[in-house]
Amino acid sequence: DFSKAMSQAGTSQFQEVIRQELEYSMKVELDKILATAPSNELEHTKKDLEGFKKLFHRFLQEKGPSVDWGKIQRPPEDSIQPYEKIKARGLPDNIASVLNKLVVVKLNGGLGTSMGCKGPKSLIGVRNENTFLDLTVQQIEHLNKSYNTDVPLVLMNSFNTDDDTKKILQKYSHSRVKIYTFNQSRYPRINKETLLPIAKDVSYSGENTECWYPPGHGDIYASFYNSGLLDNLIGEGKEYIFVSNIDNLGATVDLYILNHLMNPPNGKRCEFVMEVTNKTRADVKGGTLTQYENKLRLVEIAQVPKAHVDEFKSVSKFKIFNTNNLWIALSAIKRLQEKNAIDMEIIVNPKTLDGGLNVIQLETAVGAAIKSFENSLGINVPRSRFLPVKTTSDLLLVMSNLYSLNAGSLTMSEKREFPTVPLVKLGSSFTKVQDYLRRFESIPDMLELDHLTVSGDVTFGKNVSLKGTVIIIANHGDRIDIPAGAVLENKIVSGNLRILDH
């Protein structure tokens, strides 16, 4: 046993030496990159690279999945409250003064590349020519007009979306919403083999665009703080931010949740509230809230040991998932940021670049910080508060008559008899927004639809109606044109446009 212990000690010493060497090599490379920064970018680049260095250090320290499965417990009953209970408290007369303490923050760092678009995802047209950003501004403007308040909108951009977003913001200069932006950090991608940055200098245009990445939305705490905007908003008397993804059209300001935060029934304010909702089979990969070492903790699928992944996906054991709609106290962000006490697990995101080079990105997720805050709470909200548009299948749902649009907010049409959203799967011919739009002369009537699967070269004429389960499959080389005015109810349409009863 003595020799075994010695060899283990030897191995860990050896690993420590390698770690130190990797860290030193990384420092040398980052110093070279920093030396290429023009003087007006020096301070900013230095902050970014310091943040990256800390993340890289932690990445080298950590081994394997970051949760001990044996310690995961179900959250205590009162740590996840049903939305109905919070709504039942009603609203105070002075709701305007409560609203004036709120800031809406939208995560706007993503490009629409997964939907075949080049610019910021927030500028994709979603409904009646309105983009995600248009709808967001309309929602907040409606709030400010209705209650005579001053709720500002803050966009966290990335270096990918900042220029295009700022250009478009001019169009809202007369709207009744103050809009601020700040940029999340810019970190260097790492060569998977050498664990060194692939960037040779600070530029990120031309062929260098692939050398850099925004490090996930967990970066919000440091970037918000470093931008100076956090302090400014605290100085204006703001107390909470409501953070959500800009592509989640269900994430509107909820007055009942805000009132619960500002006027808690037990007198003790929450510093962090995560909206969760019930899992369906479509959400099995979503992060879930658990009790871990006496704290609420968000566990993502990437952190789960392989042997337990199926258990993690179980809808019966883990019934809820994180919508990424979060309510966070500004003073708590400031306190934790100044103590360097926000702890988020590292997500290692492998990518293959166009030239075939394998790289990794080190990222963090905003919700993972829940365990660093005091008196955190989950609120189990209706599914209608989670309406993300990640694909053209999602886009078809929100463009259809399933939803009515009112003051920038989408609500399920009262004409739909069941509250669930249909399951829609559009094939690869519909992946890009421009292809998708070309294939629909008008968006079909989907009020009575349960399930739609479309695969292959399929187009839809005007005023098509889809009901029940509809499956349309054009085989390779075939094309199916659904004629104008067609009503498909529980139908399978295949190959040569034969229509079969399903």
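Residues numbered from 1 in each chain as written. Predicted model: local features only at pLDDT ≥ 70, side-chain atom pairs only at ≥ 80, totals over all residues. Heavy atoms only, no water.

The name given to the chain in an unreviewed UniProt entry is UTP--glucose-1-phosphate uridylyltransferase, and the organism recorded there is Anhinga anhinga. As stated in UniProt under Function (unreviewed entry), the record for the chain gives "UTP--glucose-1-phosphate uridylyltransferase catalyzing the conversion of glucose-1-phosphate into UDP-glucose, a crucial precursor for the production of glycogen." One UniProt comment on the chain, placed under Pathway (unreviewed entry), says "Glycan biosynthesis; glycogen biosynthesis." (UniProt positions renumbered as here; feature names shortened; annotations may be inferred.)

Draft legend 1. Structural view of the side chain of Glu 275. Of note, Glu 275 is situated in strand E12 (residues 272–278). Not counting chain neighbours up to four residues away, the residues in contact with Glu 275 comprise Phe 242, Ile 257, Phe 321, Asn 322, Thr 323, Asn 324, Asn 325, Trp 327, Ile 379, Val 381 and Arg 385. (Helix = DSSP H or I, 4+ residues; strand = E, 2+ residues; numbered from the N terminus. Contact = heavy atoms within 4.5 Å.)

Draft legend 2. The environment of Asp 457, seen in detail. With respect to the secondary-structure elements, Asp 457 resides in strand E23 (residues 457–460). For Asp 457, a relative accessible area of 29% gives the class partly exposed. It is 8.0 Å that separates the C-alpha atoms of Asp 457 and Asn 475, two residues lying 18 residues apart in sequence. Those residues in contact with Asp 457 that lie beyond four places of it in its chain are Ser 429, Arg 439, Ala 474, Asp 478, Arg 479 and Ile 480. At 2.9 Å, the side chain of Asp 457 forms a polar contact with the side chain of Arg 439. (Buried < 20%, exposed > 50% of the residue type's maximum accessible area, 1.4 Å probe, protein only. Polar contact = N/O pair within 3.5 Å; in protein donor to acceptor, adjacent residues only side chain to side chain.)

Draft legend 3. The arrangement of the nonpolar core in detail. Grouped together as the largest cluster of nonpolar side chains are 107 residues, with contacts concentrated most on Ile 220, Tyr 221 and Phe 460. Two domains share this core, each providing at least three of its residues, namely domain 2 (69–385) and domain 3 (392–494). Apart from residues lying up to four places away in sequence, Phe 460 is in contact with Phe 430, Arg 439, Phe 440, Glu 441, Pro 444, Val 454, Leu 466, Ile 472 and Ile 482. Counting 26 residues, the second-largest nonpolar core is a separate cluster that includes Leu 30, Leu 49, Tyr 187 and Trp 212. (Core = buried A, V, L, I, M, F, W, Y, C linked by side-chain atoms within 4.5 Å. Domains from an automatic or database assignment.)

Draft legend 4. Region of the structure containing the packing of aromatic side chains. Per the counting criterion, the structure on display carries 15 aromatic pairs. Taking the centre distance of 4.7 Å and the plane angle of 15° together, the rings of Phe 440 and Phe 460 count as stacked. Taken together, the residues Phe 440 in the loop between helix H13 (433–439) and strand E22 (445–455) and Phe 460 in strand E23 connect sequence positions 20 residues apart. Taken as a pair, Phe 440 and Phe 460 share a single burial class, namely buried. (Phe/Tyr/Trp six-rings, centres within 6.5 Å; stacked < 30°, edge-to-face > 60°.)

Draft legend 5. Here's a closer look at the pairing of strand E6 (residues 153–157). For E6, the buried fraction is high: five of the five residues fall into the buried class. Examined bridge by bridge, strand E3 (residues 102–108) and E6 share five bridges and lie parallel to one another. Within E6, the residue paired with Asn 108 across the bridge is Asn 157. Inspection of the sheet shows E6 paired to strand E7 (residues 179–183) by five bridges, in the parallel sense. Bridging across to E7, Leu 155 finds its partner in Thr 181. (Pairing = 2+ DSSP bridges.)

Draft legend 6. Spatial organisation of the domain arrangement of the chain. In terms of domain boundaries, the chain breaks down into domain 1 (1–61), domain 2 (69–385) and domain 3 (392–494). Centre-to-centre, using C-alpha coordinates, domain 2 lies 30 Å away from domain 3. Counting residues at the interface gives 15 residues for domain 2 and 16 residues for domain 3. Here domain 2 meets domain 3 over a buried area of about 1300 Å², counting both sides, of which 63% is carbon and sulfur. Among the residues domain 2 hides against domain 3, the three largest losses belong to Met 115, Val 126 and Arg 127. Together they make up 43% of the total. Viewed at the interface, domain 3 and domain 2 are joined by five residue pairs in polar contact (both at pLDDT 80 or more). Among the elements that make up the side of domain 2 that touches domain 3, the one with the highest residue count is helix H5 (residues 132–147) (four residues). The class makeup of the residues in the side of domain 2 that touches domain 3 is five nonpolar, nine polar and one charged. (Buried area = accessible area lost by both parts, 1.4 Å probe. Nonpolar A, V, L, I, M, F, W, Y, C, P; charged D, E, K, R; others polar.)

Draft legend 7. Examining the sheet that holds strand E16 (residues 347–352) more closely. The strand order E9-E17-E16 describes an open sheet built from three strands, whose pairing is antiparallel. The open sheet is flanked by strand E9 (190–191) and E16, the only strands paired with a single partner. Examined bridge by bridge, E9 and strand E17 (residues 358–363) share two bridges and lie antiparallel to one another. Residue pairing for E17: Asn 191 is matched across the bridge by Val 359. Across the sheet, helix H2 (residues 39–61) lies against E9, E16 and E17, angled at about 105° from E17, the strand it touches most. (Axes fitted to C-alpha atoms, helices over the stretch in contact; angles between N-to-C directions.)

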